[in-house]
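# Chains, contacts and geometry: an overview
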Amino acid sequence: MEHFGSFVTLAAIPYFIGFLALCFWWRWWLLVPAGLVAAVLAKVEYASFNSSDGAGAAFGIILVIFAMIGAASGFVASGVVVIGRMTRLRALRAVYVLPVVFILGFGSFFAVTWTQQKIREARYAPPSAACLDNLHPARIAGVAVAIPVAPGILLYGDGMSDGHYILWSNPHARAFCTEADGGSATLKSVSSCWMAVRRGEKWRPNDRSARARNLSIRGQRWLVT
């Protein structure tokens with residue numbers, strides 16, 4: 001939390017400068033050229049830091065990004081104030097608009113970052129225990145099979161969005177479980193990273209090491225090793 005506070009303080013300085021540079025242009029004929037100049041300067045500075053190396057370049061990119069966000073927020077604030085003056089709406093007076101846009105603009109970066117992180121976590125979340133522990137029905141060339149979610153197994157299927165499932169990938173494993181348990185998994189072939197196969201091993205659903213290597217075809221148990 002201490003590091004987050006330091007980061008917010010560091011980011012607030014260029015954001016405030018960028019916001020201050022464009023939040024008081026309350027004439028369209030002044031605001032538009034000022035916004036264009038600020039956009040060009042931001043692009044040049046960002047390209048300059050992005051082509052540099054080292055920790056200093058990363059630090060500079062952070063400063064430029066927050067200065068750009070601040071300038072964009074200031075531009076929006078000025079635009080809203082101009083609209084308020086044209087329409088004579090008291091709610092769009094500068095005394096109300098500037099602090100609201102300042103806060104929302106600064107918080108937008110953290111809100112977007114937090115949302116992206118949650119989306120990424122949801123996308124790569126591990127499969128459920130039922131998905132990992134159970135065998136899942138499918139058909140290969142008209143033959144009923146039962147397939148576990150196991151590392152090393154690659155499924156090629158008909159009607160699948162990506163054409164295949166890589167069962168050591170969390171998104172693929174969850175998608176396969178959903179399709180198989182819904183009764184619509186039709187496969188062309190199953191391949192494995194392990195080539196040796198022996199027969200007769202019993203399936204133990206609660207044994208995770210066995211679960212990760214077991215494949216059931218036509219009611220018979222096969223262990224992929």
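All of these numbers come straight from a predicted model, not from anything done at the bench.

The rules behind each value
Residues numbered from 1 in each chain as written. Predicted model: local features only at pLDDT ≥ 70, side-chain atom pairs only at ≥ 80, totals over all residues. Heavy atoms only, no water. Core = buried A, V, L, I, M, F, W, Y, C linked by side-chain atoms within 4.5 Å. Buried < 20%, exposed > 50% of the residue type's maximum accessible area, 1.4 Å probe, protein only. Helix = DSSP H or I, 4+ residues; strand = E, 2+ residues; numbered from the N terminus. Contact = heavy atoms within 4.5 Å. Pairing = 2+ DSSP bridges. Phe/Tyr/Trp six-rings, centres within 6.5 Å; stacked < 30°, edge-to-face > 60°. Disulfide = S-S within 2.5 Å.

### Points about the nonpolar core
With 14 residues, the main nonpolar core has Tyr-15, Phe-19, Phe-66, Ala-77, Leu-98 and Phe-106 as its most contacted residues. Put simply, the parts of the chain that give this core at least two residues each are α1 (2–22), α3 (55–87) and α4 (94–123). When residues of this core are assigned to their parent elements, the largest contribution, six residues, is made by α4. If we skip the residues at most four places from it in the chain, Leu-98 touches Phe-19, Cys-23, Phe-24, Trp-26 and Ala-77.

### Structural notes on the pairing of strand β1 (residues 136–140)
Alternating positions in β1 separate cleanly, His-136, Ala-138 and Ile-140 being buried on one face and Pro-137 and Arg-139 remaining unburied on the opposite face. Bridge count between β1 and strand β2 (residues 143–147): five bridges; the pairing is antiparallel. Bridge assignment links Arg-139 to a residue of β2, and that residue is Ala-144. Connecting β1 to the next strand, β2, in antiparallel fashion are two residues, including Ala-141 with a positive phi near 55°. Relative to strand β5 (residues 186–192), β1 runs parallel, the two being bridged by two bridges. Looking at β5, one finds that Arg-139 is bridged to Thr-186.

### Quick word on the packing of aromatic side chains
Under the counting rule described, the total for this entry stands at 14 aromatic pairs. Seen in terms of ring centroids, Phe-19 and Phe-102 are 5.1 Å apart; in terms of plane orientation they differ by 85°. Their pairing is edge-to-face. In this pair, Phe-19 sits in helix α1 while Phe-102 sits in helix α4, placing the two residues 83 residues apart along the sequence. The exposure class assigned to Phe-102 is partly exposed, which follows from its relative accessible area of 27%.

### Notes on the state of the cysteines
For the structure shown, the criterion picks out one disulfide. There is a disulfide in this structure between Cys-131 and Cys-177, and the S-S distance comes to 1.8 Å. Handedness here is read from the sign of the S-S torsion; for Cys-131 and Cys-177, about 75°, the answer is right-handed. Taken together, the residues span a long stretch of sequence, with Cys-131 in helix α5 (residues 129–133) and Cys-177 in helix α6 (residues 170–181) at a distance of 46 residues. A relative accessible area of 5% places Cys-131 in the buried class.

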